[in-house]
Amino acid sequence: MDVVYLQQSKCIPSLVRPAAHRPLSVLARVSASNRRSSGSANSFRRKNTCLASGSDTLVAGTRKGDGKSIEAAGRKEDEFGDLKSWMHENGLPPCKVVLEERPSHDAKHKPIHYVAASEDLQPGDIAFAVPNSLVVTLERVLGNETIAELLTTNKLSELACLALYLMYEKKQGKKSFWYPYIRELDRQRGRGQLAVESPLLWTESELAYLTGSPTKDEVLERAEGIKREYNELDTVWFMAGSLFQQYPYDIPTEAFPFEIFKQAFVAVQSCVVHLQKVSLARRFALVPLGPPLLAYGSNCKAMLTAADDVVQLVVDRPYKAGECIVVWCGPQPNSKLLLNYGFVDEDNTYDRLVVEAALNTEDPQYQDKRMVAQRNGKLSVQTFHVYVGKEKEAVLDMLPYLRLGYVSDPSEMQSVISSQGPICPVSSCMEQAVLDQLADYFKARLAGYPTNLSEDDSLLADHILDPKKRVATQLVRLEKKMLNACLQATVALIDQLPDKTVSPCPAPYAPTLK
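Cut-offs and rules
Residues numbered from 1 in each chain as written. Predicted model: local features only at pLDDT ≥ 70, side-chain atom pairs only at ≥ 80, totals over all residues. Heavy atoms only, no water. Helix = DSSP H or I, 4+ residues; strand = E, 2+ residues; numbered from the N terminus. Areas by Shrake-Rupley, 256 points an atom, 1.4 Å probe, with all protein chains shown as cover. Pairing = 2+ DSSP bridges. Contact = heavy atoms within 4.5 Å. Axes fitted to C-alpha atoms, helices over the stretch in contact; angles between N-to-C directions. pLDDT = per-residue confidence, 0-100. Salt bridge = Lys/Arg side-chain N within 4 Å of Asp/Glu carboxyl O. Buried < 20%, exposed > 50% of the residue type's maximum accessible area, 1.4 Å probe, protein only. Polar contact = N/O pair within 3.5 Å; in protein donor to acceptor, adjacent residues only side chain to side chain. Disulfide = S-S within 2.5 Å. Phe/Tyr/Trp six-rings, centres within 6.5 Å; stacked < 30°, edge-to-face > 60°. Lys NZ or Arg CZ within 6 Å of the ring centre and 35° of its normal. Arc of directions from axis to C-beta.

1. Details of the overall build of the protein
In step 1: Along the protein, the regular secondary structure elements total 17 helices and 13 strands.
In step 2: As displayed, the protein has an accessible area near 21700 Å², and 51% of this comes from carbon and sulfur atoms.

This is the structure in structure tokens:
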């Protein structure tokens with residue numbers, strides 16, 4: 001699971017348990033006359049987590065472009081105080097951070113807040129420790145006795161449950177204990193600290209910025225998954241009726257249109273924290289002062305962690321007062337960083353591409369090749385990860401598998417079966433065919449992008465480039481650089497062949513690459 005792994009404070013406050021803070025099992029249920037059954041869909045378990053809220057997702061937001069609404073919202077915020085003040089009033093002990101703000105990409109939107117050091121910090125300092133009474137978890141939402149009931153239905157993921165909870169809390173408006181926190185999530189409008197909202201909230205024309213990238217298909221698949229979860233909301237409502245007795249509203253799909261649920265789901269996905277060494281009911285947590293107010297970085301090792309009765313942040317580097325606090329986003333490639341949090345890290349050492357190779361099922365020797373592949377730790381459909389800076393190693397890792405797919409002579413196949421290790425007889429024509437197929441594959445992937453690297457560089461030099469187009473261009477540019485490195489490594493191997501006049505061997509059952 002691509003998640004944030006987020007660590008012990010000796011300053012544990014006396015916890016203030018808010019009276020208005022209730023699990024999802026306390027208010028009047030809708031009448032039977034209002035109930036309707038929903039069409040079942042295949043269950044879908046969402047596994048990705050971490051940063052901000054969609055536009056007007058959880059709390060009544062401002063109208064776009066309406067300066068008066070923004071001004072009114074500011075007065076409302078003054079009335080209720082900022083997030084940190086609310087947290088101190090409800091048990092947050094003194095800490096070493098403050099909330100600052102930076103301008104939005106869109107001047108029509110309010111500036112976004114971020115967590116900054118309130119004083120100089122050194123590695124090992126505890127920046128803040130949020131009491132569990134101010135952390136939203138499934139334990140808080142459902143109660144321990146009901147966790148298994150919901151999760152074992154395999155109908156609704158943890159993220160969907162948290163999203164549903166926040167949507168119902170939003171319906172309570174200012175009566176909700178969580179109103180200041182939900183309002184802060186809405187203020188972020190899905191932008192996070194480093195870039196823009198998740199592509200899950202982009203328009204079709206904006207998604208076209210990702211043409212050629214596998215990330216575009218990932219976005220569409222994730223969106224379909226969210227839709228399946230939405231279609232299961234009513235089913236879970238009826239199957240686990242004890243979970244949803246708190247709110248005097250209609251059943252979920254009658255109370256919330258899909259677009260609202262989708263925005264809330266993306267909000268939770270982008271800001272949820274995955275805590276380690278805690279119970280199942282607490283592993284997914286929404287932490288005020290955590291994401292999206294914290295910035296993410298792939299080269300950072302600071303993590304939010306559970307310690308006694310708090311969730312705390314121990315910094316991993318020195319900070320000057322006023323500097324933005326950064327936490328680790330986990331070992332995620334840039335495609336996941338964009339999908340989950342709306343940014344791309346140019347220095348991400350975890351960035352990678354995927355190459356899928358498969359043995360040809362029409363091959364008469366398919367079963368023998370499958371057995372040999374499994375003996376060497378590979379599958380009949382094998383995923384190879386190409387890590388940034390290690391493209392040559394990835395190409396060399398693919399070659400034995402591809403050579404196996406090219407073996408056609410039964411006697412050669414028997415020799416392979418009886419050998420130890422991933423050894424295949426390699427003739428000049430076979431090696432030429434294998435390398436040609438690999439080179440053609442990388443060329444085809446590069447040709448699938450509408451722009452080349454130099455054009456990407458020109459786009460990124462434009463200081464007024466649309467933020468979504470900028471982050472999409474950053475992503476595809478980094479993908480192309482890895483593909484180009486793979487192609488160069490493959491061509492270098494071709495150039496090393498002793499006899500370049502040899503024609504590639506015919507391969508009626510060559511493995512497939514995608």
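2. Describing the sheet that holds strand S5 (residues 273-274)
In step 1: The antiparallel open sheet is built from 3 strands, whose spatial order is S4-S6-S5. Either end of the sheet is taken by a strand with one partner, and the two such strands are strand S4 (136-137) and S5.
In step 2: Taken together, the 2 bridges between S4 and strand S6 (residues 284-286) define a ladder with antiparallel strand orientation. Its bridge partner lying in S6, Val136 is registered against Leu286.
In step 3: In the packing of helix H5 (residues 158-171) onto the sheet, the strands contacted are S4 and S6, and the crossing angle to S6 comes to about 30°.

3. Let's talk about the sheet that holds strand S9 (residues 310-314)
To summarise the sheet geometry, strands pair through backbone hydrogen bonds and adopt either a parallel or an antiparallel arrangement.
In step 1: Read from one edge of the open sheet, 3 strands run S3-S9-S8, paired in antiparallel fashion. Of all strands in the sheet, those with a lone pairing partner are strand S3 (126-131) and strand S8 (304-307), marking the two edges. Direction aside, the axes of adjacent strands within the sheet are offset by 30° on average.
In step 2: Judged from the 4 bridges that link them, S8 and S9 form a sheet pairing that is antiparallel. Within S9, the residue paired with Ala307 across the bridge is Val310.

4. Considerations on the confidence of the model for the protein
In step 1: Here the protein averages 80 in pLDDT, and 75% of its residues register 70 or above.
In step 2: This model gives residues 1-56 a pLDDT under 50, and the stretch forms 235 contacts once residues within four places in sequence are excluded.
In step 3: Predicted confidence for residues 59-80 stays below pLDDT 50, and this span has 33 contacts to residues more than four positions away or in other chains.

5. Digging into the pattern of salt bridges
Oppositely charged side chains can pair when the atoms bearing their charge come close.
In step 1: Evaluation of the coordinates by the stated rule reveals 11 salt bridges.
In step 2: Measuring nitrogen to oxygen at the nearest pair gives 3.7 Å for the salt bridge that ties Glu197 to Lys468. Note that Glu197 is positioned in the loop between helix H6 (179-188) and helix H7 (204-207) and Lys468 in helix H17 (residues 467-495), a separation of 271 residues in sequence.
In step 3: What you see here is one network of salt bridges that share partners, running through Glu197, Glu206 and Lys468.

6. Structural notes on the side chain of Asp363
In step 1: Note that Asp363 resides in the loop between strand S11 (352-358) and helix H12 (366-375).
In step 2: We classify Asp363 as buried; its relative accessible area is 7%.
In step 3: Looking at Asp363, its side chain comes within polar contact range of the side chain of Lys369, at 2.5 Å.
In step 4: With residues up to four places along the chain from it excluded, the contact list for Asp363 reads Lys369, Gly405, Val407 and Tyr509.

7. Some thoughts on unusual backbone geometry
Trans peptide bonds make up most of the peptide bonds, and negative phi angles are found at most residues other than glycine.
In step 1: Residue Pro292 is reached from Pro291 by a cis peptide bond, and omega for that bond is 10°.
In step 2: Along the polypeptide, Pro292 turns up in the loop between S6 and strand S7 (295-297).
In step 3: Despite not being glycine, Leu289 has its phi angle at roughly 80°, a positive value.
In step 4: In this fold, Leu289 is placed in the loop between S6 and S7.

8. Things to note about the state of the cysteines
In step 1: All chains considered together, the criterion is met by 1 disulfide.
In step 2: The disulfide that involves Cys429 links it to Cys505, with 1.6 Å between the sulfurs. Residue Cys429 is located in helix H15 (residues 428-447), and its partner Cys505 is located in the loop between H17 and strand S13 (512-513); the two are separated by 76 residues in the primary sequence.
In step 3: On the basis of relative accessibility, which here comes to 21%, the residue Cys429 falls in the partly exposed class.
In step 4: In this model Cys300 remains outside any disulfide bridge; the closest cysteine sulfur is found in Cys329, 8.7 Å from its own.

9. So, the packing of aromatic side chains
In step 1: Throughout the structure, instances matching the rule amount to 14 aromatic pairs.
In step 2: Between the NZ or CZ atom of Arg102 and the centre of the ring of Tyr114, over which it lies, the distance is 4.1 Å.
In step 3: Its end group placed over the ring of Phe258, Lys227 keeps NZ or CZ at 4.4 Å from the ring centre.

10. What to know about helix H11 (residues 334-341)
In step 1: The element H11 is extensively covered by neighbouring structure, given that 8 of its 8 residues are classed as buried.
In step 2: Residues Asn334, Ser335, Lys336, Leu337, Leu338, Leu339, Asn340 and Tyr341 constitute the buried set of H11.
In step 3: Directly beyond the C-terminal end of H11, a positive phi value near 80° is found at Gly342.

11. Regarding the pairing of S9
In step 1: Most of S9 sits out of view: 4 of its 5 residues are buried.
In step 2: Of the strand pairs in this sheet, S3 and S9 are connected by 5 bridges, and their pairing is antiparallel. Bridging from a neighbouring strand, Pro131 pairs with Val310 of S9.

12. A word on helix H14 (residues 410-418)
In step 1: Within the span of H14, buried status applies to Met413, Val416 and Ile417. Projection of H14 onto a plane perpendicular to its axis shows the buried side chains occupying an angular sector of 100°, all on one side. Turned more than 90 degrees from where H14 packs its buried face, Ser411 and Ser418 sit exposed.
In step 2: Against H12 and helix H13 (391-406) lie the buried residues of H14.

13. Structural notes on the environment of Pro410
In step 1: Position of Pro410 relative to the elements: it lies in helix H14.
In step 2: C-alpha separation for the pair Pro410 and Pro364, spaced 46 residues apart in sequence, amounts to 9.6 Å.

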